[in-house]
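# Report on the structure
Read off the chains here:
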Amino acid sequence: MRTVRWLEEEKVLTLTGEPVLACRYMWPETGCKKLDRYYRRVKGNWQRRWERALYWAACLDLAEKRERSRPFVPWSARLLGETTYQDEGLLSLYMEARERRGDGRTLYGRSGDIWEAKTGAPVPVPWRGRRKLCQSLELREEGVLDPDFGEKLGRFFSGKNVCLRPEGLEVWFPQCTIAPAAEGLPTFLSKEVDFLEQTCYNLKK
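In this report, the structure presented in the accompanying data block is examined. Per chain, the residues get numbers from 1 upward, laid out in the order the sequence is written. Per-residue local features are limited, in this predicted model, to residues with pLDDT of at least 70; the limit for side-chain atom pairs, both in listing and counting, is 80 or more; totals at the level of whole chains, interfaces and linings are taken over all residues. Values reported for side chains reflect all heavy atoms of the structure, with hydrogen atoms and water molecules removed beforehand.

Turning to the side chain of Arg-101, a few remarks are in order. Helix and strand labels come from DSSP, where a helix needs a run of H or I of at least four residues and a strand needs a run of E of at least two; each type is numbered from the N terminus. With respect to the helices and strands, the residue Arg-101 is situated in the loop between strand S4 (90-100) and strand S5 (106-116). A polar contact of 3.3 Å, which involves the side chain of Arg-101, links it to the side chain of Glu-99. Working rule for contacts: check all heavy atoms of both residues, and any pair within 4.5 Å makes them a contact. Contact partners of Arg-101, with chain neighbours within four places excluded, come to Arg-49, Leu-54, Trp-75 and Leu-107. Nitrogen and oxygen atoms within 3.5 Å of one another constitute a polar contact, given that in protein one can donate a hydrogen and the other can accept it, and given that sequence-neighbouring residues count only through two side-chain atoms.

On to the nonpolar core, then. Counting 29 residues, the largest nonpolar core has Val-20, Leu-21, Tyr-39, Trp-50 and Met-95 as its most contacted members. Of all the secondary structure elements, the ones that give two or more residues to this core are strand S1 (5-15), strand S2 (18-29), helix H1 (33-67), strand S3 (75-86) and S4. For this core, the element with the highest residue contribution is H1, accounting for nine residues. Each residue touching Trp-50, except ones within four places of it in the same chain, is listed here: Leu-21, Cys-23, Arg-24, Tyr-25, Tyr-55, Ala-77, Arg-78, Leu-79, Ala-97, Arg-98 and Glu-99. To form a nonpolar core, buried Ala, Val, Leu, Ile, Met, Phe, Trp, Tyr and Cys residues must be joined to one another through side-chain atoms within 4.5 Å. When accessible area is computed with a 1.4 Å probe and restricted to protein chains, residues below 20% of their type maximum are described as buried, those above 50% as exposed, and intermediate ones as partly exposed.

Here a helix's expected span is defined as the number of its residues, less one, multiplied by 1.5 Å. An ideal rise of 1.5 Å per residue puts 51 Å on 35 residues; H1 measures up with 50 Å between its terminal C-alpha atoms. Bend is the name given here to the angle between axes fitted to two runs of seven residues, the run ending at a residue and the run starting at it. Approximately 35° is the largest bend angle found in H1, and it occurs at Tyr-55. Directly beyond the C-terminal end of H1, a positive phi value near 55° is found at Ser-69.

As a further point, take the side chain of Thr-177. By secondary structure assignment, the location of Thr-177 is in the loop between strand S8 (168-172) and strand S9 (187-190). A distance of 2.6 Å separates a polar side-chain atom of Thr-177 from the backbone oxygen of Pro-174. Not counting residues up to four positions away in its chain, the partners in contact with Thr-177 are Asp-146, Lys-152 and Phe-156.

Attention shifts here to the pattern of salt bridges. When a carboxyl oxygen of Asp or Glu lies within 4 Å of a side-chain nitrogen of Lys or Arg, that pair is called a salt bridge. Evaluation of the coordinates by the stated rule reveals 20 salt bridges. Glu-29 is the salt-bridge partner of Arg-5, the closest N and O atoms lying 2.7 Å from each other. Of the two residues, Arg-5 is situated in strand S1 and Glu-29 in strand S2; the sequence distance between them amounts to 24 residues. The residue Lys-152 makes a salt bridge to Asp-148 at a minimum N-O spacing of 3.5 Å. Note on Asp-148: relative accessible area 31%, which makes it partly exposed. What emerges from the salt-bridge pattern is a single network uniting Glu-82, Arg-140, Arg-165, Glu-167 and Glu-170.

Bridging between S2 and S3 involves five bridges; their strand directions are parallel. Bridging from a neighbouring strand, Arg-24 pairs with Arg-78 of S3. By definition, the crossover connecting two strands over a helix is right-handed if that path, from the first strand to the second, turns clockwise as seen with the strands pointing away from the viewer. The β-α-β motif built from S2, the intervening H1 and the parallel element S3 has left-handed crossover chirality. Examined bridge by bridge, S3 and S4 share ten bridges and lie antiparallel to one another. Of the residues in S4, the one forming a bridge with Ala-77 is Glu-99. In this antiparallel pair of consecutive strands, S3 and S4, the connection spans three residues. Here, any two strands with at least 2 DSSP bridges between them count as paired.

What follows is the structure in C-alpha cells.
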C-alpha cells in the first residue's frame, strides 16, 4: 500500500449573498479501492449532513439575528484527518468532524480505524482486554476531567475510538462523557504492547 494522500475540498454556503456556513473536507486516498470507497462514503455522509441540515439551521440563525438586529457569526464545519501509523503490515488513521455554531459552541466527533495494509481488512481491538487497556491509559494533554472519570472509562470505551501510533495505542472518549464539553475529546495513550505485538505476529503467520 502506498503512502496515504489526503485530499481537501472547501465550500462556503451563502444566503442572499451572505456567507452562512464554511465547510472544509479532508479524506484519505490510500491506493486500496476498498478503503478509498469507504472513506469517500464517510466524506459524503458528512457533506450531506452539513450542506443540508446544518446549513438550514445556520440560515435560521441568520434570519433570527436579522430580525433582532444582532450580528451574525457564520457557522463552520470541518472534516479533518491524520495518518497515525503505517508500515508494511498495518495502516491506522482517524477522521474528526468539528461543527462550530454561531454561539461559539464546538461539537466534536472522531472515529479511528486500524487496517491490514495488504488486504484492507479491519483489525479489531479485542473487547475482552478493554479493562486492562483502560487501566493503562495516560492522558496525552492536560485537561479537566470529571471526578469519577476512572469509573467511566470502561463504560464509554469503544473500539472505534482508537488508533495506532508509533508510541502505543491512542484512545479517546466522546465529548461530554468523561469531561466537560469544553474539553472536546479527552485523549489518552496506552503503552500496553500486547495488542500491537499480537497483531503483528498474526499478520506474519
